[in-house]
Amino acid sequence: MNIRGAEAVMRCLTEEGVTTIFGYPGGAIMPVYDALYDFKEQINHILVRHEQGAIHAAQGFARTSGKVGVCLATSGPGATNLITGLADAMIDSTPVVCITGQVASHLLGTDAFQETDVIGISMPVTKYNIQVTRAEDIAPAMAKAFYIAATGRPGPVLVDITKDAQFGMVDFTYEKCHSIRSYIAKPKLDHKGIEAAVDLLSTAQKPYLLVGQGVILSEAQDALVKFAEKSGIPVALTLLGLGAFPADHPLYVGYLGMHGNYAPNILTNECDVIVAVGMRFDDRVTGDVSRYAKQAKVIHIDIDPAELNKIVKADVAINADAREALEELTKSIPERKYAQWLQQFRDLEQIELNEVVNDVINPPDNELKMAEVVDLLSKKTDGQAIVVTDVGQHQMIASRYYKYKGYRNNITSGGLGTMGFALPAAIGAKLGNPEKTVVAIIGDGGFQMTIQELGTILQAEIDVKILILNNNFLGMVRQWQQLFFDRRYSFTEIVNPNFTAIAKAYSVDASKIEQRLELDEALDQMLNSKGAYLLEVVVQREENVFPMVATGASVSEIRLN
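Residues numbered from 1 in each chain as written. Predicted model: local features only at pLDDT ≥ 70, side-chain atom pairs only at ≥ 80, totals over all residues. Heavy atoms only, no water.

Colleague: So what exactly am I meant to see when it comes to the overall build of the chain here?
Modeller: When helices and strands are counted, the chain shows 23 helices and 20 strands. The C-alpha radius of gyration computed for the chain amounts to 24 Å, which stays within 12% of the reference 24 Å derived for 561 residues, consistent with globular compactness. For the C-alpha atoms alone, the extent of the chain along its principal axes is close to 70 × 60 × 40 Å. By residue count, 61% of the 561 residues in the chain fall in the buried class. Expressed as a percentage of contacts within the chain between residues at least 6 apart in sequence, the contacts between residues at least 24 apart total 76%. (Helix = DSSP H or I, 4+ residues; strand = E, 2+ residues; numbered from the N terminus. Rg over C-alpha atoms; globule rule 2.2 N^0.38 Å. Buried < 20%, exposed > 50% of the residue type's maximum accessible area, 1.4 Å probe, protein only. Contact = heavy atoms within 4.5 Å.)

Listed below in structure tokens is the structure:
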């Protein structure tokens, strides 16, 4: 089959089973877009309003579908607009393939119009990148890209294709990539490490299971439940791990981290064995690492060997796929229960309920609080909606008060903390799992960073529910200014536009509420609406998120107020 390189790109995508892509056309990628015209029946292209929206949408698609997300962009500014999303996908282990156009190969290095060294720029924020200058190299590069993006610890890959390669002719054949020399996608299970972990757990009196997104990525949720139930070990989740273990399970003890639950943070420094699975001991989880769990033996399971012993030294480091390791551990451990140890979590949980939770989900004053909004949303959706959060106070509130019970239903920007993530990611999330209700919970600041993607929702008719928690502040920065900078609110108060009018201009139904009596009906109206809907909820201006572990503090110094 003798075809142009641009058509080869399209055929590579169909060979990889790609049915949805996100992109924005331009000069250097125009041959690929011309080829796409003939593949409209096989591939649904979503025209975003900004290339950052394309990659965040691809991330949302990947996170809810478990497939590789794909986006297209042109050279120069089109390619550089992907960088934030690439960095976000890299640190959050999201499988994405970005295809960028590039100036013709004879113009490389000449500062031609819209030429940028996207390979050099993207190298630190991609798992792999490659520039293709010949049509015959397109298919091998694409096969390699999809394999690397999806296997091992997933991540973003960028394929930069020069314009002459897109126009060039090639005898097209496609072979999927199944291995690469020197790249170990899935390590062999370390049976000695498993035995050592079993030995440590056999004498443990206060074992503790810390779970991250690696469990979701390896589809190990069921294996985790079986391991937890047989071992009897209490389970806590990281921000990206939310959804890996049912929030209503009797062994679930809460959410870890800076704004996590009181008990799981305090008791980190009282357990005797930590079993960390698919998590990387991020600084938001450890606090002051020099005072983190020094009394505990640590079993660390991760598919990425670079994460083992990077931050917390492991007594048993197991480089393995999470599901394989959990299944093997479950076979080998005895059935146990830790009633007294679990009760310590419940006692501290009651303190948090009394001193924090009850006052914010059933507040005594008249002003609406973010927590009561999210709590009611969680109850109305039974924890089954796909919740896409932006970054800030609302993100921490959602992670605390939405009780995730579904599968791949927590989509957020964790490691990079990208404001503007939620709206385009929600578009991708809905397309990745169209049967689910998708709710984007966004702050008034982050919403305006990618507000133009309302145009994508309009044109592609994406059924997403947008919940803006509006406090007229850049709330998380304001909270830190209040607590640590003597209330010197330096440029964190934000004057907002009429969000509902803007939404309606994009043909998105919208409403705004300011009173508690309106909340129940407003959420019902949003959830039951046909098509996209925006609900703006005006919340208390200076509401803070507690508990909180301050920067430089130990997790056992978590504050309740």
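On we go from here.
Colleague: Can you walk me through the domain arrangement of the chain in this structure?
Modeller: Interface size is commonly expressed as the accessible surface area that is lost when the partners come together. Structurally, the chain comprises domain 1 (2–171), domain 2 (191–345) and domain 3 (368–538). Regarding the contact of domain 2 and domain 3, the summed buried area is about 1,500 Å², with carbon and sulfur atoms giving 58% of it. Ranking the residues of domain 2 by area buried against domain 3 places Leu239, Leu242 and His259 at the top, with a combined share of 34%. At the boundary of domain 2 and domain 3, one finds zero salt bridges. Here domain 2 and domain 3 share seven residue pairs in polar contact (both at pLDDT 80 or more) between them. (Domains from an automatic or database assignment. Buried area = accessible area lost by both parts, 1.4 Å probe. Salt bridge = Lys/Arg side-chain N within 4 Å of Asp/Glu carboxyl O. Polar contact = N/O pair within 3.5 Å; in protein donor to acceptor, adjacent residues only side chain to side chain.)

Colleague: What am I meant to see in the sheet that holds strand β12 (residues 273–277) here?
Modeller: Neighbouring strands of a sheet are bound in pairs by backbone hydrogen bonds; such pairs are parallel or else antiparallel. Spatially, six strands are ordered β11-β10-β9-β12-β13-β14 in an open sheet, and the strand pairing comes out parallel. With partners counted over all chains shown, the strands left at the sheet margins are β11 (252–255) and β14 (316–319), one partner each. Between one strand axis and the next, the sheet turns through 15° on average, direction left out of account. Bridging between strand β13 (residues 297–302) and β14 involves four bridges; their strand directions are parallel. What sits directly across from isoleucine 299, in β14, is valine 316. Across the sheet, helix α9 (residues 191–202) touches β9 (207–211), β12, β13 and β14, and the angle it forms with β14 is around 140°. (Pairing = 2+ DSSP bridges. Axes fitted to C-alpha atoms, helices over the stretch in contact; angles between N-to-C directions.)

Colleague: Can you walk me through the sheet that holds strand β20 (residues 533–538) in this structure?
Modeller: Strand order in the open sheet made by the six strands is β16-β15-β17-β18-β20-β19, with parallel pairing throughout. Each end of this open sheet is capped by a strand with a single partner; those strands are β16 (410–412) and β19 (509–513). On average, adjacent strands in this sheet sit at an angle of 15° to one another, irrespective of strand direction. Together, β15 (386–389) and β16 form the strand contacts of helix α3 (residues 51–65), whose direction differs from that of β16 by roughly 155°.

Colleague: Can you help me understand the packing of helix α11 (residues 221–231) against helix α14 (residues 322–332) in this one?
Modeller: Helices that pack against each other are described as a pair by the angle of their axes relative to one another and the distance between those axes. Where α11 contacts α14, the two axes come as close as 9 Å, and the packing angle between them is 30°. In this view, α11 runs roughly parallel relative to α14, as classed from their interaxial angle. Crossing of α11 against α14: the hand is left-handed. For the pair α11 and α14, contact is made by Ala223, Leu224, Lys226, Phe227 and Lys230 and by Arg323, Leu326, Glu327, Leu329, Thr330 and Lys331, respectively. Looking at the contact of α11 with α14 residue by residue, the classes come out as five nonpolar, one polar and five charged. (Parallel < 35°, antiparallel > 145°, perpendicular 65-115°, else oblique. Left-handed = near helix turned anticlockwise from the far one by under 90°. Nonpolar A, V, L, I, M, F, W, Y, C, P; charged D, E, K, R; others polar.)

Colleague: How should I be thinking about unusual backbone geometry in this particular structure?
Modeller: Negative phi values dominate among residues other than glycine, just as trans dominates among peptide bonds. The omega torsion of the bond from phenylalanine 546 to proline 547 falls at 0°, within 30 degrees of zero and hence cis. Mapped onto the secondary structure, proline 547 falls in the segment after β20. Although it is not a glycine, arginine 487 adopts a positive phi angle of roughly 60°. Counting through the fold element by element, arginine 487 comes out in the loop between α21 (475–484) and α22 (499–505). Its relative accessible area of 47% is what places arginine 487 among the partly exposed residues.

Colleague: Where do I start with helix α18 (residues 422–432) in this structure?
Modeller: Residues lying three or four places apart along an α-helix face the same way, a consequence of the helix completing one turn every 3.6 residues. Counting buried positions along α18 yields 10 of 11 residues, so the element is predominantly enclosed. Of the positions making up α18, those classed as buried are Ala422, Leu423, Pro424, Ala425, Ala426, Ile427, Gly428, Ala429, Lys430 and Gly432.

Colleague: Just to check I follow, could you spell out the nonpolar core for this structure?
Modeller: Proteins that are soluble and globular tend to have nonpolar side chains buried together. Leu209, Ile299 and Leu467 are the most contacted members of the largest nonpolar core, which totals 110 residues. When residues of this core are assigned to domains, at least three map to each of domain 2 (191–345) and domain 3 (368–538). In this view, leucine 209 contacts Leu224, Phe227, Ala228, Ile233, Pro234, Val235, Ala236, Val275 and Val277; residues no more than four positions away in its chain are not counted. By size, the runner-up hydrophobic cluster in this structure holds 44 residues, among which are Val9, Tyr128, Cys177 and Ile180. (Core = buried A, V, L, I, M, F, W, Y, C linked by side-chain atoms within 4.5 Å.)

Colleague: Would you mind showing me how to read empty space enclosed by the protein here?
Modeller: Any empty space left between atoms is shown by rolling a water-sized probe over those atoms. Applying the stated rule across the entire model yields two cavities of 30 Å³ or more. In terms of lining, the largest cavity is formed by Val198, Leu201, Ser202, Ser231, Ile233, Ile333, Pro334, Arg336 and Tyr338. In terms of residues, the lining of the largest cavity owes the most to one element, α9, which gives three residues. When its residues are assigned to classes, the lining of the largest cavity shows six nonpolar, two polar and one charged. Taken together, Arg63, Gln213, Ile216, Leu240, Arg408, Asn409, Asn410 and Ile411 make up the full set of residues lining the second largest cavity. The residue inventory of the lining of the second largest cavity, partitioned by class, reads three nonpolar, three polar and two charged. Shared between two domains, the lining of the second largest cavity holds at least three residues of each, these being domain 2 (191–345) and domain 3 (368–538). (1 Å grid on protein atoms, 1.4 Å probe; cavity = no way out; pocket = protein on both sides within 12 Å on 5 of 7 lines; lining within 4 Å. Points joined across faces, edges and corners; volume = space filled by probe spheres on them.)

Colleague: Which parts of the structure should I look at to understand the layout of surface pockets?
Modeller: Here the second largest pocket is characterised by a volume of approximately 490 Å³. Residue lining of the second largest pocket: 28 residues in total, with Tyr252, Asn261, Glu349, Arg400 and Lys403 positioned closest to the centre. Among the secondary structure elements, those contributing two or more residues to the lining of the second largest pocket are β11, α12 (262–266), α15 (339–361), α16 (370–381) and α17 (393–401). Residue classes in the lining of the second largest pocket are distributed as 15 nonpolar, six polar and seven charged.

Colleague: Got a minute to help me understand the pattern of salt bridges in this structure?
Modeller: A pair can form between side chains of opposite charge whenever their charged atoms are brought close. Scanning the entire structure with this criterion turns up 23 salt bridges. One salt bridge connects arginine 134 with glutamate 136, and the closest N-O pair in it is separated by 3.2 Å. In this structure, aspartate 288 and arginine 291 form a salt bridge, with 2.8 Å as the shortest nitrogen-oxygen distance.

Colleague: What is the right way to read the environment of glutamate 557 from this model?
Modeller: As for its position among the elements, glutamate 557 is in the segment after β20. Once the C-alpha coordinates of glutamate 557 and asparagine 265 are considered, the two residues, 292 residues apart in sequence, prove to be 8.7 Å apart. A polar atom in the side chain of glutamate 557 sits 2.8 Å from the side chain of arginine 291.

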